[in-house]
Amino acid sequence: MKILAIYGTRPEYLKIKPVIIKSKGLIKTCFIKQHTNIIDFGKSDFTIEINNTCKNRLNSIFSEIFLKTEECISQFDSILIQGDTATVAASALTAYHLKKKIIYLESGLRTYDLENPYPEEGYRQMVSRIADVNLCPTKLSAKNLKKEKTNGSIHVVGNTSLDNLIKLKNETTYGDKVLITLHRNENLSILKDWLITIDEFAKNNKNLHFVFPAHPNPYILEQTKILKNIEVVSPLEHIEFLNILKNCRFVITDSGGIQEEASFLNKKVIVCRKTTERPEGINSGHIILCEKPLKFNKIAETIKKNYSINTKCPYGNGKSSKKILRLLNIK
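Residues numbered from 1 in each chain as written. Predicted model: local features only at pLDDT ≥ 70, side-chain atom pairs only at ≥ 80, totals over all residues. Heavy atoms only, no water.

Caption draft 1: Geometry of the overall build of the protein. For the protein, the count of helices and strands is 13 helices and 13 strands. For the protein, the C-alpha atoms occupy an extent of roughly 60 × 45 × 35 Å along the three principal directions. Counting only residues that meet the buried cut, the protein has 56% of its 331 residues in that class. With an accessible surface of roughly 15,000 Å², the protein has 51% of that area assigned to carbon and sulfur atoms. (Helix = DSSP H or I, 4+ residues; strand = E, 2+ residues; numbered from the N terminus. Buried < 20%, exposed > 50% of the residue type's maximum accessible area, 1.4 Å probe, protein only. Areas by Shrake-Rupley, 256 points an atom, 1.4 Å probe, with all protein chains shown as cover.)

Take a look at the structure:
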């Protein structure tokens, strides 16, 4: 079976990378430039440029993928995609129209709220409906697909992002840094409120060093100018980011992948969102949901006094890519 792995953003690449590497060249790659200024994606077999052909950026991504990927996808039996971005949804639809098999990594995550997160929740639900092989990170995500009567096969494989962290598992410490990331679409309208609240907390906790690797979104960068007690830094290479993560005190984020990575490295995470598609971490004690800025201070005060955790990570053991390659009969 000839497989083409398609990715367009930093999280997609990082989660699909362990599978690509362990396939030893048997899985070919296509880099769709949805993100271009966050990470070095290395050399890919195909590269697709994304131009702004529509006023809406998401529509531009869809139209460009429809126009430019048909030729390369046609050369393969299957595509391997990961996550919940416009790249993923548009690539899946293109493959579906070409009657190519769709292997969907990280399938089954759900909030069942199309506005939280938007547009990711909609993309997840759409792609899993047309996927032939659903590679689920947890039993709960597999249960979601079974409840929805998903047609494709369903397999629980864990989360491949943790494969990148296996060597760091025993290096975790609790230093004085607090790691912050905020970038979700549903938070942009209240981003200023989040930043003011967190900055005030940082002001009252001078013994902690708050670090915010800011997303390159111009609006986010503009809003970070109000921060006076938080160090704002440019986007970090993944290894730099992990070095801060493994040694920080705790994490403040609205990211999905960081919830998994932090849990694996025994960190507690304040998730600045109304809901999460990764509720397993709430049950294990790694994740504390903070639905709005007004609730942040009370939660953060509790976490700073009780930050250590050593319960089992609910998202996998760092060996997912090997399991996936066995399932796909790639040796």
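Caption draft 2: Highlighting the packing of helix 2 (residues 57-68) against helix 4 (residues 86-97). Remark: helix 2 packs on helix 4, axes separated minimally by 9 Å, with the N-to-C direction vectors making an angle of 35°. Our pair here, helix 2 against helix 4, has a crossing hand that is right-handed. Facing helix 2, whose interface residues are Leu58, Ile61, Phe62, Ile65 and Phe66, helix 4 presents Ala86, Thr87, Ala89, Ala90, Ser91, Leu93 and Thr94. Its residues assigned to classes, the contact of helix 2 with helix 4 comprises nine nonpolar, three polar and no charged. (Axes fitted to C-alpha atoms, helices over the stretch in contact; angles between N-to-C directions. Left-handed = near helix turned anticlockwise from the far one by under 90°. Contact = heavy atoms within 4.5 Å. Nonpolar A, V, L, I, M, F, W, Y, C, P; charged D, E, K, R; others polar.)

Caption draft 3: Broad picture of empty space enclosed by the protein. Here the structure, examined in full by the defined rule, presents one cavity of 30 Å³ or more. Empty space within the largest cavity amounts to approximately 40 Å³. Residue lining of the largest cavity: Lys15, Gln82, Leu105, Glu106, Leu135, Cys136, Pro137, Val157, Gly158, Asn159 and Thr160, and that is the complete set. Of the residues contributing to the lining of the largest cavity, the split by class is five nonpolar, four polar and two charged. (1 Å grid on protein atoms, 1.4 Å probe; cavity = no way out; pocket = protein on both sides within 12 Å on 5 of 7 lines; lining within 4 Å. Points joined across faces, edges and corners; volume = space filled by probe spheres on them.)

Caption draft 4: Expanded view of a positive patch on the surface. Together, Lys22, Lys319, Lys322, Lys323 and Arg326 line one region of the surface with positive charge. It is helix 13 (residues 320-327) that contributes the most residues to the positive patch, three residues altogether. (Patch = residues over 30% accessible without salt bridge, like charges linked within 9 Å, V, L, I, M, F, W, Y side chains within 5 Å. Salt bridge = Lys/Arg side-chain N within 4 Å of Asp/Glu carboxyl O. Lys, Arg positive; Asp, Glu negative; His and termini not counted. Charge placed at Lys NZ, Arg CZ, Asp CG, Glu CD.)

Caption draft 5: The layout of surface pockets, seen in detail. As a volume, the second largest pocket reaches approximately 430 Å³. Contributing to the lining of the second largest pocket are 22 residues, with Lys17, Pro18, Asp163, Asn164 and Leu165 lying nearest its centre. Of all the secondary structure elements, the ones that give two or more residues to the lining of the second largest pocket are helix 1 (10-22), helix 9 (238-247) and helix 13. If you tally residues by element for the lining of the second largest pocket, the top one is helix 1, at six residues. For the lining of the second largest pocket, the residue count by class is 10 nonpolar, five polar and seven charged.

Caption draft 6: Summary view of the packing of aromatic side chains. In the structure shown here, the tally under the stated rule is eight aromatic pairs. Seen in terms of ring centroids, phenylalanine 62 and phenylalanine 66 are 5.9 Å apart; in terms of plane orientation they differ by 80°. Their pairing is edge-to-face. Of this pair, phenylalanine 62 and phenylalanine 66 both sit in helix 2, four residues apart, which is roughly one turn of the helix. For phenylalanine 62, a relative accessible area of 16% corresponds to the buried category. Its relative accessible area of 34% is what places phenylalanine 66 among the partly exposed residues. With a centroid separation of 5.7 Å and an interplanar angle of 90°, the aromatic rings of phenylalanine 201 and phenylalanine 296 are classed as edge-to-face. On the criterion of sequence distance, the pair formed by phenylalanine 201 in helix 7 (residues 191-203) and phenylalanine 296 in helix 12 (residues 296-305) is long-range, its members being 95 residues apart. One aromatic cluster is present, formed by Tyr7, Tyr13 and Phe31 through successive ring pairs. (Phe/Tyr/Trp six-rings, centres within 6.5 Å; stacked < 30°, edge-to-face > 60°.)

Caption draft 7: Here's a closer look at the pairing of strand 11 (residues 250-253). On strand 11, burial covers both faces: Phe250 and Ile252 on one face and Val251 and Thr253 on the other are all buried. Relative to strand 11, strand 8 (residues 177-181) runs parallel, the two being bridged by four bridges. Its bridge partner being in strand 11, isoleucine 180 is matched across the sheet by isoleucine 252. One ladder, built from three bridges, connects strand 11 with strand 12 (residues 269-271); its direction is parallel. Pairing of isoleucine 252 across the sheet is with isoleucine 270, part of strand 12. Following the chain from strand 11 across helix 10 (residues 257-264) to the adjacent parallel strand 12, one finds a crossover that is right-handed. (Pairing = 2+ DSSP bridges. Right-handed = clockwise from strand over helix to strand, strands pointing away.)

Caption draft 8: Structural context of the environment of tyrosine 96. For tyrosine 96, the position within the fold is in helix 4. Along the sequence, tyrosine 96 and alanine 131 sit 35 residues apart, while their C-alpha atoms lie 8.4 Å from each other. Aside from chain neighbours lying at most four places away, what touches tyrosine 96 is Ile102 and Ile130.

Caption draft 9: Structural detail: the sheet that holds strand 4 (residues 78-82). Reading across the sheet, the seven strands line up as 3-2-1-4-5-6-7 and stay open at both edges, with parallel pairing between neighbours. Each having just a single partner strand, strand 3 (46-48) and strand 7 (153-156) make up the two edges of the open sheet. Averaged over all neighbouring strand pairs, the angle between strand axes comes to 20°, with direction disregarded. As defined by bridge partners, strand 2 (residues 27-32) adjoins strand 3 across three bridges and the pair is classed as parallel. Considered in strand 3, the bridge of cysteine 30 is made with phenylalanine 46. The strands touched by helix 4 are strand 1 (3-7), strand 2, strand 4 and strand 5 (101-105); relative to strand 4, the strand with the most contacts, the crossing angle is about 165°. Packing of helix 5 (residues 120-130) onto the sheet brings it into contact with strand 4, strand 5 and strand 6 (133-136), and relative to strand 5 it is tilted by some 135°.

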